[in-house]
Amino acid sequence: MNPVYDKLLKCYESFRQKIDFKPEVAIVLGSGLGDYADDIRVEAELDYHEIEGFPVSTVPGHAGKFIFGYVGQVPVVCMKGRVHYYEGYPISDVVLPARLMKMMGAKILFLTNASGGINPSFHAGDFMLLTDHVSLWAPNPLIGANIDELGVRFPDMTHVYDLELRDLIKEAAAEQNIGLQEGVYAQLTGPSFESPAEIRLLHQLGVDAVGMSTVVEAIAANHMGMRICCISCVCNLAAGMTDNPLTHEEVQEAANAAAPLFRTLVTEESKSLGNVLGIKVTHLDSGKVLCEGPIAEVKEKSYTEVLEGNEAGETTAYYQIDAWLDTSVGNEYQAARLMADFEWYVEEEENPDISDEPVTSEEPVTSEEPITSEEPVTSEEPVTSEEPVTSEEPVT
């Protein structure tokens, strides 16, 4: 057996022995979101040290545990503290947590991170919705023998960051009056910050923000068929764009200052994922499907439509389910579980611009033309520190 896959299976078995919870959404908490778990109705926690062979973060500000619970009605697993390639772990260990959360049951991966801004229009404290990424420096986690149990040899990367999820994030930001930039993110290895020359190079490549995580996790999750979205907190302007030297403390301080808005945005987006996730509820005794569809539609169904012709026990089960959908109170959910089986699934995305056939050629797809951002940031003059970009109204 592939040793990478064997290690993943051992981590999964270790998880199953300790936790009885099936998440539908996986959230990776980046810098500044360490206290996000306070906004979750927590059902269970699992320290990374309790999982056999699991990598543990060594970075200040990154705790080390999984948190299982609910955001609204959506069952989630939060990764409180991620591991980075620069910590010395092999790239297969860096993406192991994302793969493990998929095996736990998660169908959507919601990534967050802290980044340095390269786009001259960005300010420290801005939030950026990832539309694409550049991965030319960190090792690709799919190098080596393909793990067929996880995905195909040559996965398509055309739309890694799901279009529908991106629309939901933009809607959530607009409803909360939170400014949201959009752009391309690049992952470099770290741990040293980028040089001004590297920032100028990335700028010419159409990159809007840079960091030391995220891309390899997205590649591994995409390989496994997860739907992915990501929000980056631009904590500072990149090297050469100001006269100030960069420090980790500065990044952490800026992330902490932006944390309240960041938490709000992540919470509202997580709740809205209920419109992407569907739920199928089956009565345990009769096997009859009581209700099926996106959470929002199930909640809107009339009692007459849903309960017509049902037996008394099915009616009772539906009322319990409806109470859970409306309030997300744990004991009502558990009561409903005694009478009905909940099966979550992901609604298929309708996108005429995407081919029904994924790119699965035996040979990797190449192009004579270089792949660039749809709206690359270009400049006739290289980015220099002569006129630093500063925010007139910094986010606090």
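A quick note: this is a predicted structure, and the numbers were derived from the prediction, not measured.

A. Here's a closer look at the overall build of the chain. For the chain, the count of helices and strands is eleven helices and twelve strands. Within the span of the chain, comprising 396 residues, buried residues form 51% of the whole. Counting only contacts in the chain whose residues sit at least 6 apart along the sequence, the fraction spanning at least 24 positions is 79%. For the chain, the computed accessible surface area is about 18,400 Å², with 47% contributed by carbon and sulfur atoms.

B. Focus on the packing of aromatic side chains. Here the structure, examined in full by the defined rule, presents nine aromatic pairs. On the numbers, 5.4 Å between centres and 70° between planes, the contact of Phe54 with Phe66 is edge-to-face. One end of the pair, Phe54, is in the loop between β2 (41-47) and β3 (65-71); the other, Phe66, is in strand β3, and twelve residues separate them in sequence. By the burial criterion, Phe54 is buried, and Phe66 matches it. Judged by centre distance (6.2 Å) and plane angle (40°), the ring pair of Phe66 and Phe68 falls under tilted. On the accessibility criterion, Phe66 (0% relative accessible area) is buried.

C. How the structure looks around the pattern of salt bridges. Inspection of every chain in the model, using the stated rule, returns eleven salt bridges. Taking the shortest distance from any N to any O, the salt bridge between Arg227 and Glu164 comes out at 2.8 Å. Taken together, the residues Arg227 in strand β9 (residues 227-237) and Glu164 in helix α4 (residues 163-175) connect sequence positions 63 residues apart.

D. Structural context of the confidence of the model for the chain. For the chain, per-residue confidence averages 78 on the pLDDT scale, and residues scoring 70 or more make up 68% of the total. The least confident element of the chain, judged by mean pLDDT, is helix α11 (residues 330-337) at 44; the most confident is helix α6 (residues 215-223) at 98. Predicted confidence is poor over residues 326-339, with pLDDT under 50, and the contacts of this stretch with residues over four places away or in other chains come to 31 contacts. Within the model, the stretch residues 349-396 combines pLDDT values under 50 with 52 contacts to residues more than four positions away or in other chains.

E. The arrangement of helix α1 (residues 3-18) in detail. With 16 residues, α1 extends 23 Å between its outermost C-alpha atoms, agreeing within 8% with the 22 Å of an ideal straight helix rising 1.5 Å per residue. Tyr5, Leu8, Cys11, Ser14 and Phe15 are the residues of α1 that are buried. Against the buried residues of α1 lie β2, β3 and α3 (96-104). The N-cap of α1, judged by a side-chain oxygen 2.8 Å from the amide nitrogen of Val4 a few residues on, is Asn2.

Analysis parameters
- Residues numbered from 1 in each chain as written.
- Predicted model: local features only at pLDDT ≥ 70, side-chain atom pairs only at ≥ 80, totals over all residues.
- Heavy atoms only, no water.
- Helix = DSSP H or I, 4+ residues; strand = E, 2+ residues; numbered from the N terminus.
- Buried < 20%, exposed > 50% of the residue type's maximum accessible area, 1.4 Å probe, protein only.
- Contact = heavy atoms within 4.5 Å.
- Areas by Shrake-Rupley, 256 points an atom, 1.4 Å probe, with all protein chains shown as cover.
- Phe/Tyr/Trp six-rings, centres within 6.5 Å; stacked < 30°, edge-to-face > 60°.
- Salt bridge = Lys/Arg side-chain N within 4 Å of Asp/Glu carboxyl O.
- pLDDT = per-residue confidence, 0-100.
- Expected span 1.5 Å × (residues − 1).
- Polar contact = N/O pair within 3.5 Å; in protein donor to acceptor, adjacent residues only side chain to side chain.

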